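Summary of the model geometry
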Amino acid sequence: MQILSLNGPWKLYYGAETPGKENPETLEDAILADYEAVDAVVPCEAQRALADAGRWPDPFWDENIYEFRKLEFYRFFFTRTFDYAPVPEPGRVVLQFDGLDVLATVFLNDQIVGTADNMLVSHAFDVTGVIQPGKNTLTVRLDSAMNSLRGKDIPIAVHGVEQFGEQVLFRKPGHSFGWDIAPRLVTAGIWRDVSLKLLPPTRITQAYFVTTHADANRAHLRLKYTLTTDDPFLEDLTLSVTGVCGESRFGFERKVVTFNGQVHFSVEKPKLWFPAGYGEPNLYDVTLSLKKGGKTIYSEQTRVGIRTVRLDAVFKKGDEGRFAFIVNNTPIFVKGTNWVPLDAFHSRDLERTDKAIELLCECGCNMVRCWGGNVYESDRFYDLCDEKGILVWQDFSMGCGIYPRDEQFRKILAKEAENVVKRLRNHACLALWCGDNENDCAYFWAGQTQPHSRSNPLTRQVIPDVLAEHDPYRPYIPSSPYLTLEMQRDTDGPEQHSWGPRDYFKGSFYRNIDAHFISEIGYHGCPSPESLAKFIPQDQLENRRGPAWTTHNTDYRDAGGLRGYDRIELREKQAEALFGTVPQDLSTFALASQLTQAEAKKFLIETARILKPRRMGLIWWNLLDCWPQISDAVVDYYFAKKVAYDYITRSQAPVCLLCAEEKDNCHQIILANDGNRSGWVRYTIANAETGVLVASGT
């Protein structure tokens, strides 16, 4: 398959849309309407291009984020010319956008070739009859998403987090409209790669590998495939498959007799894929080829991890419940982090991915939960998780809201889910699909009663139907936390988001959590003074009640402060609970806050390990900030590690000595070993102040 990248220099034209009047439909119209223009380097958002060009201020500095509100009502035109030299091989020419944000009309040589209304998936348009030899002009018009809501009859029950109702009406990541971890930055742009592809007439269109059984002696796999070809009778067409992982190999050839088929095959003495700490994340390099008369006419490569994964879950209250991941028949104690937006400008995600994954691995995680207020991550992200043995819990992109249930939205979501599932299903790292983040809870928070509050058709029907057709072997839960008809509160299930009152981390709530698995829990930690100085003016650095601190809190001022808590006040109270006072100077306060966060994370992680096997995992919130802010992250936007990162690294070590809380005037000592190694350990426990030996043993 031949690919021509269309990334790089583009031109951006921009102007405010005028409600009730005709707005420019084409690039020529925009130029005649005196739209202003700047250079842009795609992938990028229009807002980022304007800031880079000096037309708009740096959105991350001081209170500048509020200046970007008016751009929500603008129309943008991205345009470029490129040379195209036809190739002699037959095939269809496809124009592919891996990310269009969000209401897009695509023109090639002044002809509309496609439209898009979903930022979260790729879009491909057949331009075979439109593209021409030599110079071509490509233009993308992006209409104002906010203006598209004018005059719409929106159901009164639908709403998003912190009352930003538009969050649930567009297929954009929910955080774009304002969240407690992200600024309100309603972008528009070409945020991922754009390219031209020549699709050969004979090719494999789907190849799905699944492991149905695996142990050290033998693994059984299935390959389901579909293909397209212009061969009139499918004569002498053969599918060839080979897989190599070190000295382990498999391979076979099958005559193609239909456009879709399946092959069952076994691998003797397979190299199994295991999550980090439980074995090696072995991957087979697989080549699939189509041969005609023994000659290869099409070939593609992928990687396959041979492993089984299941969710051992019973969704009942208290001790009757259960929630644990089993990989290759081995129970996995999960030590993970929530994966939130890498950047408020998603065009910068890819350049931050490798470093973020490195941080995740260094601190001892074996799972990452891709949170539902985010985009679906890049192929690079999932490839790295495959390579590093990081299990992925994947939310579909919905969070903390009550979403439309109408037929139009169901069709949009079904199409999105199919796109995402087909792209990701072959990754060994992918352990669980989850319908959304906290949408079951959103009905509970809104005081809505059964049955509709526990029978969301999006996650009980639309997504399960897609998975039944395109990935029927992987575990799925409808929501996180998932609330059944029998559950009345968002803390009733075996899997919980244990935020509670956010008071002292050893308070009654945190000591008495009855979850079998905690998939969200966090504690605040102030960025260092050095990082704060990069986004808060010098004259406000010591003023924790000033407008710059409030802006990066992140509480969208113009919405009237709708959040039920203030994170700056919270971290002061949390530090006071540990130290008995709130330091006033910035350096001491930042250190006290970071130490408080570190002790809290240590307590929460180690308590979960002490409670194994009743509790089989904890996914803490969160690794990395998406913009400069006051947050729960343990690494700030500038990749500066807070104290908690070091504490987490030690608390998540495969072998760790743990000290339980006092009970009956005694502290129980536990040696936790989460992994596949066994051996003898000698331990000593000393008084940290005096050095006096308290206990020792083997």
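In what follows, the structure referred to is the one given above.
What counts, and where the lines are drawn
Residues numbered from 1 in each chain as written. Predicted model: local features only at pLDDT ≥ 70, side-chain atom pairs only at ≥ 80, totals over all residues. Heavy atoms only, no water. Phe/Tyr/Trp six-rings, centres within 6.5 Å; stacked < 30°, edge-to-face > 60°. Helix = DSSP H or I, 4+ residues; strand = E, 2+ residues; numbered from the N terminus. Buried < 20%, exposed > 50% of the residue type's maximum accessible area, 1.4 Å probe, protein only. Lys NZ or Arg CZ within 6 Å of the ring centre and 35° of its normal. Expected span 1.5 Å × (residues − 1). Bend = angle between axes of the 7 residues up to and from the residue. Contact = heavy atoms within 4.5 Å. Polar contact = N/O pair within 3.5 Å; in protein donor to acceptor, adjacent residues only side chain to side chain. Pairing = 2+ DSSP bridges. Axes fitted to C-alpha atoms, helices over the stretch in contact; angles between N-to-C directions. Salt bridge = Lys/Arg side-chain N within 4 Å of Asp/Glu carboxyl O.

Turning to the packing of aromatic side chains, a few remarks are in order. Scanning the entire structure with this criterion turns up 34 aromatic pairs. Each ring, one from Phe-250 and one from Phe-265, has its centre 5.1 Å from the other, and the planes form 35°; the classification is tilted. Of this pair, Phe-250 sits in strand 19 (residues 248–255) while Phe-265 sits in strand 20 (residues 260–268); the two residues are 15 residues apart in sequence, bridging distant segments of the chain. Take Phe-250 and Phe-265: they sit in the same class, and that class is buried. Each member of the aromatic cluster is reached from another via a ring pair, and the members are Phe-315, Phe-323, Phe-325, Trp-393, Tyr-482 and Phe-517. A cation over an aromatic ring shows up here: Lys-355 above the ring of Phe-639, its NZ or CZ 4.6 Å from the ring centre. Between Lys-534 and the ring centre of Tyr-638, over which it is positioned, the NZ or CZ distance is 4.7 Å.

Our focus in this paragraph is helix 7 (residues 457–470). Look at helix 7: 19 Å from first C-alpha to last across 14 residues, which is about the 20 Å you get at 1.5 Å a residue. Bending of helix 7 peaks at approximately 30° at the position of Pro-464. When we look at burial in helix 7, the residues that qualify are Pro-457, Leu-458, Thr-459, Val-462, Ile-463, Val-466, Leu-467 and His-470. Taken together, the buried residues of helix 7 touch strand 16 (203–214), helix 5 (407–424), strand 29 (430–434) and strand 30 (476–477). Capping the start of helix 7, Asn-456 holds a side-chain oxygen 3.0 Å from the backbone nitrogen of Leu-458, two or three residues further along.

Examined against the element boundaries, Glu-418 turns out to sit in helix 5. Of the residues examined, Glu-418 reaches a relative accessible area of 29% and is grouped as partly exposed. Taking the C-alpha atoms as reference points, Glu-418 and Val-121, separated by 297 residues in sequence, lie 9.8 Å from one another. Once residues within four sequence positions are removed from consideration, Glu-418 is found in contact with Val-466 and His-470.

This brings us to the sheet that holds strand 11 (residues 134–143). Spatially, the six strands line up as an open sheet ordered 3-2-5-11-8-9, and their pairing is antiparallel. Only two strands of the sheet have a single partner each, and these edge strands are strand 3 (36–42) and strand 9 (111–116). The average undirected angle you get between the axes of adjacent strands in this sheet is 25°.

Under the definition given, this model contains 43 salt bridges. For Asp-319, the salt bridge identified is with Arg-614, shortest N-O distance 2.9 Å. With Asp-319 in the loop between strand 23 (309–314) and strand 24 (322–327) and Arg-614 in the loop between helix 12 (586–610) and strand 33 (617–620), this pair connects stretches of sequence that are 295 residues apart. Taking the shortest distance from any N to any O, the salt bridge between Lys-506 and Glu-661 comes out at 3.2 Å. One end of the pair, Lys-506, is in the loop between strand 31 (495–497) and helix 8 (508–511); the other, Glu-661, is in the loop between strand 34 (655–659) and strand 35 (669–673), and 155 residues separate them in sequence. Judged by relative accessible area, Lys-506 falls into the partly exposed class, the value being 25%.

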